[in-house]
Amino acid sequence: NYQQKSVSKRPLSQFVIQDKESKLFKAKTALQKALEQEDFLLYYQPQVNLETVGVSKMEALIRWNHPQLGLIPPNKFVPLAEQTQLICALGEWILKTACSQNIAWQNLGLPAVTVSVNISPYQLQDPNFVKVVKQILKDTQMNPQWLELEVTEEAIFTNPEIAHQTLLELKQLNINLCLDDFGSGSSCLNHLVKFPFDTVKVAQSCVKKLNKDKEQFTVISTALTLAKGLNIRAVAEGVETQQQLNILKNLDCQEMQGYIFSEPLTPEEASRFLFSHFNT
Ligand code: C2E
Ligand code: MG
Ligand code: MG
Ligand code: MG
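Residues numbered from 1 in each chain as written. Chains lettered and ligands numbered in written order. Predicted model: local features only at pLDDT ≥ 70, side-chain atom pairs only at ≥ 80, totals over all residues. Heavy atoms only, no water.

(A) Seen up close, the pairing of strand 5 (residues 147-151). Taking burial as the measure, the 5 residues of strand 5 include 5 buried ones, the bulk of the element. Side chains Leu147, Leu149 and Val151 project from strand 5 onto one buried face, and the interleaved Glu148 and Glu150 project onto a second face that is buried too. Pairing of strand 4 (residues 114-118) with strand 5 involves 4 bridges; the strand directions are parallel. What sits directly across from Ser116, in strand 5, is Glu148. Sheet topology note: the strand 5/strand 6 (residues 176-182) ladder contains 4 bridges and is parallel. By the bridge assignment for strand 6, Glu150 is matched with Cys178. (Buried < 20%, exposed > 50% of the residue type's maximum accessible area, 1.4 Å probe, protein only. Helix = DSSP H or I, 4+ residues; strand = E, 2+ residues; numbered from the N terminus. Pairing = 2+ DSSP bridges.)

Laid out in C-alpha cells, this is it:
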C-alpha cells in the first residue's frame, strides 16, 4: 500500500547534493595541507634582452605539485587561495623560495639576474605586505635590486590609493616594479604615468593579435611609445613566432619572453639555461 511504498530503503546520503560551501571547505583544507607540506614548485621562465643578447630576468611561476593529481597550473588554484585567504601565506612561500633561488644562482657563480615574482591583488592590499617583503629580503639576504614584483591592473582597480601607497613603499626599498598583462583587459595608460613602474609587460593576448589586428597594433605601438617617453622598460610576453618577434623588434620592444625562447623551466633546467647563456 501507499504507506509502505513511501518508505525509502536507499541511504539518505545519496540525496545530499554537496553544496558549494562544503566543496570550498574541502578545497581549502587540501590547499592548507599542501602549504604545510610545501607541495609547490616554482618554475622559472627566462626573459630575454635582444639588445644585449642575454637573459635579463627569470619569472617565477608556481605549480601545485599534488601527490595524486600531479602538477596543477596556477590558474586552477591561485583563485582558490585568494578566495580562502590562503594567498598571503602562499605568497610568502613563493617570495621566499624565489629569493632563495636567486641567491643560489649567485652562489653557483652566475652573474646576477633579476627574479620576477607575481603578486596577487590581495597581497598588495594586505596591510602587512611591505613588512613581510622586508623580512624576507632580510632572511634570504636578497639584494632588492635583483627582485621584481609583477602586479596586474586588477590590483590597482581594487583600491588605487592603497595600491599607490604600497607600490611607493616597495619602490623606496629599491625593488623593481612591473605592470603585468598590460592591454589584456580595460587597460589605462594613466596607470603608467601615475604609478612607479619600472617595467610594463605587454599581454600575451595583445601579442597574439599583433599580426592580425591593425587596431591592436596601434594600441601596442602607442603604449610602447608612451612607456619609452616615461622611461619605462617594455617587455612582450607570450612571444611564440618569428613574425611576432619581428613586429615587436620593429616597434623597438627589445625585451621578450615566450615559448620561442623557452617555456617555464624547473630550477635545475633554469640553472642550466643561465649557464649556457652566460658562458657563450
Ligand atoms: P602571467 O604572470 O602573465 O604569466 C605568463 C603565463 O603565460 C604563464 O602561465 C606562462 O607559462 C605562460 N606563457 C609564457 N610564455 C608563453 C607563450 O609563449 N605561449 C603561451 N601560450 N603561454 C606562455 P602560468 O605559469 O600557467 O601562469 C598563469 C598565471 O598565473 C600568471 O600569468 C599569473 O597571473 C599567475 N601566477 C603564476 N605564478 C604565480 C605566483 O607565483 N603568484 C601569483 N599570485 N600568481 C601567479
Ligand atoms: Mg607575470
Ligand atoms: Mg603576464
Ligand atoms: Mg596573467
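Let us keep going from here.
(B) Focus on the nonpolar core. Ranked by internal contacts, the top residues of the largest apolar core, which has 76 residues, are Phe40, Tyr44, Leu90, Leu124, Leu147, Leu149 and Leu170. For this core, the element with the most residues is helix 4 (residues 87-107), which contributes 8 residues. Discounting residues that sit within four places of it in the chain, Leu90 has contacts with Leu35, Phe40, Ile62, Phe77 and Ala81. (Core = buried A, V, L, I, M, F, W, Y, C linked by side-chain atoms within 4.5 Å. Contact = heavy atoms within 4.5 Å.)

(C) Structural view of the site of ligand 1. The local shell around ligand 1 holds 21 residues, among which Arg63, Asn118, Asp180, Glu240 and Tyr259 are the closest. Taking Ile62, its main chain carries an N or O atom lying 3.1 Å from a nitrogen atom of ligand 1. Protein chains shield 84% of the accessible area of ligand 1, which is 800 Å² for the free molecule. Within the residue set of the shell around ligand 1, elements represented by two or more residues are strand 2 (54-66), strand 6 and helix 10 (204-209). With 4 residues, the single largest contributor to the shell around ligand 1 is strand 2. Here the residues of the shell around ligand 1 sort into 7 nonpolar, 7 polar and 7 charged. (Near = heavy atom within 4 Å. Polar contact = N/O pair within 3.5 Å; in protein donor to acceptor, adjacent residues only side chain to side chain. Areas by Shrake-Rupley, 256 points an atom, 1.4 Å probe, with all protein chains shown as cover. Nonpolar A, V, L, I, M, F, W, Y, C, P; charged D, E, K, R; others polar.)

(D) Quick look at the coordination of the magnesium ion (ligand 3). Bound to the magnesium ion (ligand 3) are the protein donor atoms Asp180 (OD), Asp181 (OD), Glu237 (OE) and Glu237 (OE), situated 2.1 to 2.4 Å from the metal. Read from N- to C-terminus, the donor residues coordinating the magnesium ion (ligand 3) fall into the pattern D-D-x55-E. The exposure class of Glu237 is buried, given its relative accessible area of 10%. (Donors = N, O, S within 2.8 Å, 3.2 Å for Na, K, Ca; no water.)

(E) Region of interest: helix 4. Compared with an ideal rise of 1.5 Å per residue, which puts 21 residues at 30 Å, helix 4 spans 30 Å between its outermost C-alpha atoms and is within 8% of the ideal. Along helix 4, the positions that sit buried rather than exposed are Ile87, Leu90, Gly91, Trp93, Ile94, Leu95, Ala98, Cys99, Gln101, Asn102 and Trp105. With its phi angle positive at about 95 degrees, Gly109 sits one or two positions after the end of helix 4. (Expected span 1.5 Å × (residues − 1).)

(F) The pairing of strand 6, seen in detail. A large share of strand 6 lies buried, amounting to 6 of its 7 residues. Pairing of strand 6 with strand 7 (residues 199-202), which is carried by 3 bridges, proceeds in the parallel orientation. Bridge pairing in strand 7 links Cys178 to Thr199. The parallel pair strand 6 and strand 7 is bridged by helix 9 (residues 189-194), and the resulting crossover is right-handed. (Right-handed = clockwise from strand over helix to strand, strands pointing away.)

(G) Representation of the pattern of salt bridges within the structure. Under the definition given, this model contains 7 salt bridges. With its nearest N and O atoms 2.8 Å apart, the salt bridge here joins Lys57 to Glu148. Of this pair, Lys57 sits in strand 2 while Glu148 sits in strand 5; the two residues are 91 residues apart in sequence, bridging distant segments of the chain. One exposure class covers both Lys57 and Glu148, and it is buried. Here Arg233 and Glu255 are joined by a salt bridge, their closest N and O atoms 2.2 Å apart. With a gap of 22 residues between them, Arg233 in strand 8 (residues 233-236) and Glu255 in strand 9 (residues 255-256) connect regions that are remote in the sequence. The class for Arg233 is partly exposed, based on a relative accessible area of 44%. (Salt bridge = Lys/Arg side-chain N within 4 Å of Asp/Glu carboxyl O.)

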